[in-house]
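# Architecture at a glance
What follows is each chain in one-letter form.
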Amino acid sequence: METTQRQSYLDWLRIFSIAGVLILHSAMPYAAGETWHIRNKETSDLFTYFIAFLHLFRMPLLFFISGTVSYYMMQHRSALSFIGLRCTRLLIPLLVGMFIIVPPQIYMERLTQGFTGNYWEFYKTVFEFKPYPLGGSFSWHHLWFIAYLFIYDLVFAPFFMWMISDKSNNVKQALHRLSKGKLVYLLAIPSIIWYALLSKRLPETGDLVHDRCYFVYWLLFVLAGFICILIPSLMDSLQRNRRFAISIGFVSLMLYYYVWFNDAKLPFVPDAIWPLFSAALRPVIAWGWVLGFIGYGKQYLNRSHRILNYLNQAVYPFYILHQTVIVILAYYITRSAGDTVIMKYIFTIVVTLFITMGIFHFFVKPYPVIRFLFGMKPSNGVKKKVAVANKVLTVKEPLTEVAI
């Protein structure tokens, strides 16, 4: 039932997801009501509505795709070997990010709060290991996603290995039955129930320790991605039912914005269940759009292109670098009084893309040590020789094996 052939549509969707992260984070300094590291004096409510839309499904989609990545990385590896690989691809870039990439973001924020020292005077405070934002300068900021994914893979490596093995055939046969009709969407039910019951009492923190609701919420997308790529018939079902998924996501989104704009409950929902119903809207939107994107991606994006390998190499370093570039740019852009919010936003996107891709192309991609620190495969790993039946064969390694 399993497939080991890489699916190009997942790579395209990952690239689009990271592009969405760029679009969202570039809007943060200019959105009304948002608390972020750098803030523009003039803000826009429209950016707030736009950010809310992207935030509903961008991370669920990334976690779902990361679940498929974990599946591919487990091919021909033991659970211990898989954990070692995830330490290389996730833990090392996370540490590099926390000590090198993230501190400039905190420094720029401190400057807006009245700090007058130079960067090196500030940087010493990172090694006090006091957590941000509680007076400290030690944080993973946007790299929380990498930290969570590392923990998921560390804890669930034995489960992933068991699911790939023949020992789980009965379970896989049972899951295969979900490919009939629209039963595949039952995979979303545990997540929706969990979020509806706990999200209002346990808000999102991104700090792992106090993020009990969202830690499980994101995990269920990872597990769904792993299961769906493990059992191809489930992916086929998502492809067949893609219009249904997007329709659910679209209708739920309209209801969500209706409640938000009117500050009112829906008239057809009884008061007794309204708190649970309103809380459930967010995960329903997320699952609708995520599973819809997967289905449409499989239908229309499952084709390779010569630029795909380059973008696949760039996407992980780009994610690690982009927010630091945005924060530094925004610090100077927001001090300009002669431009509109929309012009500042467009400038932030374009220049961040230019600088971040430039850093990747000229300073990350060519150098083996830097590639390693950013969780990339060695550049000379395109081909390797393996001995089979006393013969030496040259085989191609999958160029699309990425970390997230």
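Higher on the page you've got the structure.
We now turn to the structure provided with this report. Within each chain, residues carry numbers counting from 1 in the order of the written sequence. Restriction of local features to residues with pLDDT of at least 70 applies here, the model being predicted, together with a cutoff of 80 or more for giving and counting side-chain atom pairs; totals for whole chains, interfaces and linings are based on all residues. The basis for every side-chain value is the complete set of non-hydrogen atoms in the structure, without hydrogens or water.

The residue after Tyr 132, namely Pro 133, is reached through a cis peptide bond having omega 5°. Secondary structure elements are defined from DSSP: runs of H or I of at least 4 residues count as helices, runs of E of at least 2 residues count as strands, and each element is numbered from the N terminus. Its place among the elements puts Pro 133 in the loop between helix H5 (119-123) and helix H6 (144-164). Look at Leu 208: it is not a glycine, yet its phi comes out positive at around 75°. Within the fold, Leu 208 resides in the loop between helix H8 (189-198) and helix H9 (212-230). Note on Leu 208: relative accessible area 27%, which makes it partly exposed. Each residue's exposure class comes from its accessible area (1.4 Å probe, protein chains only) as a fraction of the maximum for that residue type: buried when under 20%, exposed when over 50%, partly exposed otherwise.

Here we come to the packing of helix H2 (residues 45-73) against helix H3 (residues 79-101). Two elements in contact, H2 and H3, have axes whose closest approach is 10 Å; the angle formed by their N-to-C orientations is 130°. As far as their axial angle goes, H3 and H2 are oblique. Judged by the twist between their axes, the crossing of H2 over H3 is right-handed. For the pair H2 and H3, the contacting residues are Val 69, Ser 70 and Met 73 in the first and Phe 82, Leu 85, Arg 86 and Arg 89 in the second. In this classification, Asp, Glu, Lys and Arg are treated as charged, Ala, Val, Leu, Ile, Met, Phe, Trp, Tyr, Cys and Pro as nonpolar, and every other residue, Gly included, as polar. Classifying every residue of the contact of H2 with H3 gives four nonpolar, one polar and two charged. Axis geometry follows a simple rule: fit a line to the C-alpha atoms, using only the stretch in contact for helices, then measure angles between N-to-C directions, giving values from 0 to 180 degrees. Working rule for angles: under 35 degrees goes down as roughly parallel, over 145 as roughly antiparallel, 65 to 115 as roughly perpendicular, anything else as oblique. What makes a crossing left-handed is the near helix being turned counterclockwise from the far one by less than a right angle; a clockwise turn instead makes it right-handed. Residue contacts are counted whenever heavy atoms from the two residues lie within 4.5 Å of one another.

What follows deals with helix H10 (residues 232-240). Regarding H10, the residues found buried are Ser 233, Leu 234, Met 235, Ser 237, Leu 238 and Gln 239. Tucked inside the fold, the buried residues of H10 contact helix H1 (8-27), H2, helix H7 (169-176), H9, helix H11 (242-262) and helix H12 (274-300).

What follows covers the packing of aromatic side chains. Pairing of aromatic side chains requires ring centres within 6.5 Å, counting the rings of Phe and Tyr and the six-membered ring of Trp. Pairs whose planes differ by under 30 degrees are stacked, by over 60 edge-to-face, and all others tilted. In total, this model carries 59 aromatic pairs according to the counting rule given. Residues Tyr 49 and Trp 260 carry aromatic rings whose centres are separated by 5.1 Å and whose planes lie at 85° to one another, so their mutual orientation is edge-to-face. Of the two residues, Tyr 49 is situated in helix H2 and Trp 260 in helix H11; the sequence distance between them amounts to 211 residues. Taking the relative accessible area as the measure of exposure, Tyr 49 reaches 27% and is therefore partly exposed. On the numbers, 6.1 Å between centres and 65° between planes, the contact of Tyr 256 with Trp 260 is edge-to-face. Of the two residues, Tyr 256 and Trp 260 are both situated in helix H11; the distance of four residues between them amounts to about one turn of the helix. For Tyr 256, a relative accessible area of 15% gives the class buried. By relative accessible area, Trp 260 is classed as partly exposed at 33%. Lysine and arginine charges are scored as sitting over a ring when NZ or CZ, respectively, is within 6 Å of the ring centre and within 35 degrees of the ring normal. Taking NZ or CZ as reference, Arg 242 lies 5.4 Å from the ring centre of Tyr 296, over its face. The ring of Trp 274 has Lys 265 lying over it, and the distance from NZ or CZ to the ring centre is 5.8 Å.

Residue types Ala, Val, Leu, Ile, Met, Phe, Trp, Tyr and Cys, when buried and joined through side-chain atoms within 4.5 Å, form a set referred to as a nonpolar core. Formed by 128 residues in total, the largest nonpolar core has its most connected members in Phe 63, Phe 145 and Ile 294. When near neighbours in sequence (up to four residues on either side) are disregarded, Phe 145 contacts Met 59, Leu 62, Phe 63, Ser 66, Tyr 319 and Ile 404.

Glancing now at the pattern of salt bridges. Salt bridges are counted wherever a side-chain nitrogen of Lys or Arg sits within 4 Å of a carboxyl oxygen of Asp or Glu. In total, this model carries four salt bridges according to the counting rule given. The partner of Asp 153 in a salt bridge is Arg 86, and the shortest N-O contact between them spans 2.6 Å. Highlighted residues: Asp 153 in helix H6 and Arg 86 in helix H3, separated in sequence by 67 residues. Take Asp 153: its relative accessible area is 0%, and that puts it in the buried class. We note a salt bridge from Lys 265 to Asp 271, for which the minimum N-O separation is 3.3 Å. Lys 265 sits in the partly exposed class, given a relative accessible area of 27%. Asp 271 sits in the exposed class, given a relative accessible area of 61%.

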